[in-house]
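So the chains spell out like this:
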Amino acid sequence: MSAAPAYNEDKGGSAGPGEPEYGHDPASGGIFSSDYKRHDDLKAMLDTNKDSLKLEAMKRIVAMIARGKNASDLFPAVVKNVACKNIEVKKLVYVYLVRYAEEQQDLALLSISTFQRGLKDPNQLIRASALRVLSSIRVPIIVPIMMLAIKEAASDMSPYVRKTAAHAIPKLYSLDSDQKDQLIEVIEKLLADKTTLVAGSVVMAFEEVCPERIDLIHKNYRKLCNLLIDVEEWGQVVIISMLTRYARTQFLSPTQNESLLEENSEKAFYGSEEDEAKGPGSEEAASTALPARKPYVMDPDHRLLLRNTKPLLQSRSAAVVMAVAQLYFHLAPKAEVGVIAKALVRLLRSHSEVQYVVLQNVATMSIKRRGMFEPYLKSFYIRSTDPTQIKILKLEVLTNLANETNIPTVLREFQTYIRSMDKDFVAATIQAIGRCATNIGRVRDTCLNGLVQLLSNRDELVVAESVVVIKKLLQMQPAQHGEIIKHLAKLTDNIQVPMARASILWLIGEYCEHVPRIAPDVLRKMAKSFTAEEDIVKLQVINLAAKLYLTNSKQTKLLTQYVLSLAKYDQNYDIRDRARFTRQLIVPSEQGGALSRHAKKLFLAPKPAPVLESSFKDRDHFQLGSLSHLLNAKATGYQELPDWPEEAPDPSVRNVEVPEWTKCSNREKRKEKEKPFYSDSEGESGPTESADSDPESESESESKSSSESGSGESSSESDNEDQEEDEEKGRTSESEQSEEEGKKKKMKKRKKVPEGQEGGLSSDEGSDSSSSSSESEMTSETEEEQVEPASWRKKTPPSSKSAPAAKEVSLLDLEDFTPASVQPVSPPTVVSTSLAADLEGLTLTDSPLVPSLLSPVSGAGRQELLHRVAGEGLAVDYTFSRQPFSGDPHMVSVHIHFSNSSDTPIKALHLGTPKLPPGISIQEFPEIESLAPGESATVVMGINFCDSTQAANFQLCTQTRQFYVSIQPPVGELMAPVFLSENEFKKEQGLQGGR
């Protein structure tokens, strides 16, 4: 038996006394031999039976990976330990496999059965790690295994495993996009998850796989808004970005009426004499002339999003603050956007990388919303320690914030910046001075004089940039600045920067009538050095020669011909072509006579003054905070920010239906929990505590609470929380008082009731109380999790005060049940409509049942298959007829109800090719050729669910669209009805074994 290689625990697998240690081994050709020795030691440790050595080896391997060292040659030794029983070793093995499973796919496939067993491990970390490794193996052959693993993990009890399943969805989608339909089902299931750990991950999967399926967000919108504050920072950024685009499609623009308000506010403070002469009637006529618009009322869901994201401006994460800032910039009213300025200024104290991203977005915001950042002008002053990129961005923001009030302060800052040693920063400062002179007319002369003084600077780059900016400023008022042009003409001997020389030549040629004596001399000097000039300078020399030939041909004719002859043989073809074109244009000839007559219009045409604009002006079409905005180019995977809708979409799509029987008061829950499991006087005392309160007192307390909540909605948001707490205290005190009064009244009434009636009453109320207690206990958790704002709670109508208590449905009263003789009563709140319909079919007689008793009640049990908003006007519902399908007795008959609520007919309604799981089959309904607006149609289709509750997924197709829908049957709808009398039922019951 061969001995394993020696392992030195003190040195962690280091070399022996006579071997090289982390050095250059000349015999091995420049390879570190100690690395090979260390890997051999680690392999030997992994081959031992001691878990402690394996754990130590895996720790060192993971540490090597963390330091960036290659450990791929250890893959065979590591993958053998994936079945190790030690939990700590197994965790580290999975960490290693996640890193190298994609590189070593063949070896990883050999252990795929072990990964599948890991999905059933009791430890949630092992289950999640196994799924993570499985999704890291990028082999198409295991796509079905990955799909099955993701579906199982999506239903796992551990939220950490469900989160890992959400992370695996984009990996599987990138490997096989044909699995999109099944992945959307998993995403829809995970979107309904109420844990904060899963929310961010599943929204990221939604953004990667199906960002266009916005209908999946409707039912989960309010839940995501309420969970947002508790989600991890990475998830908060993803959710906020998604909700920004969602809000742009579902809500109206809060700034839609601001244009009219701004037009009205621009009226002068003191009216002119003409306005006073017109009288008050003219103002009314002017107001009626404006287009009539409805006053803007913000959607409560829109306000919910803004209110729940505002506290995140104080987050420690710069990414979260930036995400909330862009949400407010794109969604909030103009009066509320200012709250983000202070938070963004706070981020300027962070690292330079964060400052760069924040300043990019602030530069874009400050163009449209200048007033937001004006109070924080000094926060954008430049420090000498700032990097050049940060300096230039701060300079951009200062230039955007400059106005007639603060321009003296800004110009003093710029004067200091010009003395900096950073030449790029100085050049940007000179450009900023030119922009200020362009935007603010009263400081134009001051800026121009300051730039002229810079022409005497020793630094050639400063002089060149000043010349370029002066050239642009002179185009605005050339007649007033002839002396400046003369001064610039003298600089042609000293300035060597090509752009600056070209700018001077352009100015002299454009305004040669202001310097008629200097211009020919400048052309003479440039003709001497023509062959040595840069291409951009040569082109401007040709232009100068042509303009002087047209305005002063006596002095410049020979010079022009000389320059054109030199350019004719230049190496650059652009210059040669320009010279030939110019010669044919300005020199009259038989062929070019027609063009020469228009030469002055072409060369000496008046040119508009340039507009100096910010480079961030056109970036606002990208979503702020995105990579595309940072690069000013559309990045891969970027989703455009939608435009605001013209009309408000239906807000009811975000309503989550809560069953009526879940809405019981907190007092009843508390009383039922305190009630003992066994009651000594269960058969004697009659009604229990939960059913003992007076209905009049209950209705009074409910009406009071509804009125109090209604008054609370009209108050400010800060008062709402305190008022709701006071209301809760008031409700409990009122309900306790009403309960005591109700007990006294019932005791008085009970003395007058005969004994037989008293027993019946106690049995009715007792059964009712027991059913309500069981239902309230089952739904206590769901009611606490589904928190809704006060504006969405259903208010109790005032008429409920005097309304009599509804008659309870009792099984004992159904023996002589006759629908014709019973007076119509409102259904009780405890029993749903579908349950009442089922109870009506029961009988205690021996007569055989009539099949018509089991037919479903019209409208009862109808479920929504496709909402009219998601279906673009097409609304689809379905009901189970509870009868076998005529074409196949193994199929369930399903009635599909179509209704067209749009303005156009819907044509060719049919069933698309379904992708069904094994065993499930669908019998298609006949195609509906056309469904006119306002019409409805009902068809019957058969579905064989194969005795399972698995959903049947298919497509409803029209002539232009396809809609993905699914029908999942309850267990009861899969059972066929059997008609038995009571005696037959007892006979069959007696044949059954057991007790």
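This text goes with the structure placed above it.
Reading guide: rules and limits
Residues numbered from 1 in each chain as written. Predicted model: local features only at pLDDT ≥ 70, side-chain atom pairs only at ≥ 80, totals over all residues. Heavy atoms only, no water. Helix = DSSP H or I, 4+ residues; strand = E, 2+ residues; numbered from the N terminus. Buried < 20%, exposed > 50% of the residue type's maximum accessible area, 1.4 Å probe, protein only. Contact = heavy atoms within 4.5 Å. Areas by Shrake-Rupley, 256 points an atom, 1.4 Å probe, with all protein chains shown as cover. Pairing = 2+ DSSP bridges. Axes fitted to C-alpha atoms, helices over the stretch in contact; angles between N-to-C directions. Parallel < 35°, antiparallel > 145°, perpendicular 65-115°, else oblique. Left-handed = near helix turned anticlockwise from the far one by under 90°. Nonpolar A, V, L, I, M, F, W, Y, C, P; charged D, E, K, R; others polar. Core = buried A, V, L, I, M, F, W, Y, C linked by side-chain atoms within 4.5 Å. Patch = residues over 30% accessible without salt bridge, like charges linked within 9 Å, V, L, I, M, F, W, Y side chains within 5 Å. Salt bridge = Lys/Arg side-chain N within 4 Å of Asp/Glu carboxyl O. Expected span 1.5 Å × (residues − 1). Polar contact = N/O pair within 3.5 Å; in protein donor to acceptor, adjacent residues only side chain to side chain. Phe/Tyr/Trp six-rings, centres within 6.5 Å; stacked < 30°, edge-to-face > 60°. Lys NZ or Arg CZ within 6 Å of the ring centre and 35° of its normal.

Colleague: It is not clear to me how the overall build of the protein chain should be interpreted in this structure. Could you clarify?
Modeller: Helix and strand counts for the protein chain come out as 43 helices and nine strands. For the protein chain, buried positions account for 42% of its 995 residues. Expressed as a percentage of contacts within the protein chain between residues at least 6 apart in sequence, the contacts between residues at least 24 apart total 66%. As displayed, the protein chain has an accessible area near 55,900 Å², and 52% of this comes from carbon and sulfur atoms.

Colleague: It is not clear to me how the sheet that holds strand E2 (residues 874-884) should be interpreted in this structure. Could you clarify?
Modeller: Spatially, five strands are ordered E1-E2-E3-E7-E5 in an open sheet, and the strand pairing comes out antiparallel. For this open sheet the edge positions go to strand E1 (863-866) and strand E5 (921-923), each flanked by a neighbour on one side alone. Ignoring strand direction, the axes of neighbouring strands in this sheet form an average angle of 35°. Bridge analysis of E2 against strand E3 (residues 892-900) gives eight bridges, and the strand direction is antiparallel. Within E3, the position partnered with Thr879 by the bridge is His895.

Colleague: Whenever I open this one, the environment of Cys447 confuses me. Can you help?
Modeller: Tracing the backbone shows Cys447 in helix H26 (residues 444-454). In this structure the C-alpha to C-alpha distance between Cys447 and Arg435, which are 12 residues apart in sequence, comes to 9.7 Å. What Cys447 contacts, discounting residues up to four positions off in sequence, is Leu411, Ile433 and Ala437.

Colleague: Looking at this structure, how should I read the sheet that holds strand E6 (residues 928-931)?
Modeller: Whenever strands of a sheet pair, they do so through backbone hydrogen bonds, lying parallel or antiparallel. Reading across from one edge, E6-E4-E8-E9 is the order of the four strands in this open sheet, with antiparallel pairing throughout. The two strands at the open ends of the sheet, each matched to only one other strand, are E6 and strand E9 (962-967). Ignoring strand direction, the axes of neighbouring strands in this sheet form an average angle of 30°. Pairing of strand E4 (residues 906-911) with strand E8 (residues 952-957), which is carried by two bridges, proceeds in the antiparallel orientation. Within the sheet, the bridge partner assigned to His910 lies in E8 and is Cys957.

Colleague: Can you help me understand the packing of helix H18 (residues 300-309) against helix H19 (residues 318-331) in this one?
Modeller: The relative placement of two packed helices is expressed as an angle between their axes plus a distance between the axes. One way to put it is that H18 packs onto H19 with a least axis distance of 10 Å and a crossing angle of 150°. Here H19 runs roughly antiparallel to H18, going by the angle between their axes. By crossing handedness, the relation of H18 to H19 is classed as left-handed. Packed against H18, whose contacting residues are His302, Leu305, Leu306 and Thr309, the element H19 presents Val324, Leu327, Tyr328 and Leu331 at the interface. Considering only residue class, the contact of H18 with H19 consists of six nonpolar, two polar and no charged.

Colleague: Before we go on, may I ask you to explain the nonpolar core in this structure?
Modeller: Nonpolar side chains in soluble globular proteins generally cluster together in the buried interior. The biggest cluster of nonpolar side chains holds 196 residues, and the ones touching the most others in it are Tyr96, Leu97, Leu344, Met365, Phe380, Phe414 and Leu488. By residue number, the principal contributor to this core is H19, which donates 11 residues. Those residues in contact with Phe414 that lie beyond four places of it in its chain are Leu395, Leu398, Thr399, Thr429, Ala432, Ile433 and Cys436. Ranked by size, the runner-up nonpolar core spans 29 residues in total, among them Leu866, Phe880, Ile896 and Ile920.

Colleague: It is not clear to me how a nonpolar patch on the surface should be interpreted in this structure. Could you clarify?
Modeller: Together, Val978, Leu980 and Phe985 make up a nonpolar patch on the protein surface, roughly 290 Å² of accessible area in all. Mapped onto the elements of the fold, Phe985 is located in helix H43 (residues 982-991). Given the relative accessible area of 48%, Phe985 is considered partly exposed.

Colleague: How should I be thinking about helix H7 (residues 124-136) in this particular structure?
Modeller: An α-helical segment advances 3.6 residues per turn. Residues three or four places apart therefore align on the same side. The terminal C-alpha atoms of H7, which comprises 13 residues, lie 18 Å apart, in line with the 18 Å expected from a rise of 1.5 Å per residue. Counting buried positions along H7 gives 10 out of 13 residues, so the element sits mostly inside the fold. The complete set of buried residues in H7 reads Ile126, Arg127, Ala128, Ser129, Ala130, Leu131, Val133, Leu134, Ser135 and Ser136. Capping of H7 at its N-terminal end is provided by Asn123; its side-chain oxygen lies 2.8 Å from the backbone amide nitrogen of Leu125.

Colleague: What is the right way to look at the environment of Ala609 in this model?
Modeller: Relative to the assigned elements, Ala609 resides in the loop between helix H35 (599-603) and helix H36 (627-631). Overall, Ala609 belongs to the partly exposed group, its relative accessible area being 33%. Along the chain, Ala609 and Leu473 lie 136 residues apart, while their C-alpha atoms are 8.0 Å from each other. Contacts of Ala609, omitting those with residues within four sequence positions, involve Gln475 and Met476.

Colleague: Would you take a moment to explain the pattern of salt bridges for this structure?
Modeller: Side-chain pairs of opposite charge can arise whenever the charged atoms involved come near each other. Overall, the coordinates contain 28 salt bridges when judged by the stated rule. Two residues, Arg60 and Glu56, come together in a salt bridge whose shortest N-O distance is 2.8 Å. Pair noted here: Arg60 and Glu56 are both in helix H2 (residues 51-66), with a separation of four residues, about one helical turn. Residue classification places Glu56 among the partly exposed positions, given a relative accessible area of 29%.

Colleague: Can you help me understand the packing of aromatic side chains in this one?
Modeller: Applying the stated criterion across every chain yields a total of 12 aromatic pairs. Ring centres 5.7 Å apart and planes at 70° place the aromatic pair Phe622 and Tyr638 in the edge-to-face group. Linking Phe622 in the loop between H35 and H36 with Tyr638 in the loop between H36 and helix H37 (666-674), this pair joins segments that are 16 residues apart in sequence. Aromatic side chains Phe898 and Phe925 sit 5.7 Å apart centroid to centroid with 55° between the ring planes, which places their arrangement in the tilted category. You can see Phe898 sitting in strand E3 and its partner Phe925 sitting in the loop between E5 and E6, a full 27 residues away along the chain. Among the aromatic residues, those joined into a ring-pair cluster are Phe75, Tyr96 and Tyr100. Taking the ring centre of Tyr100 as reference, the NZ or CZ of Arg99 above it sits at 4.5 Å.

Colleague: I'm lost on unusual backbone geometry in this one. Help?
Modeller: If a residue is not glycine, its phi is most likely negative; likewise, a peptide bond is most likely trans. At Asn632, a position not held by glycine, the phi torsion is positive, near 60°. In this fold, Asn632 is placed in the loop between H36 and H37. A positive phi angle, close to 55°, is found at Glu872, a residue other than glycine. The exposure class assigned to Glu872 is exposed, which follows from its relative accessible area of 51%.

These values are about where atoms sit, not about what they do.
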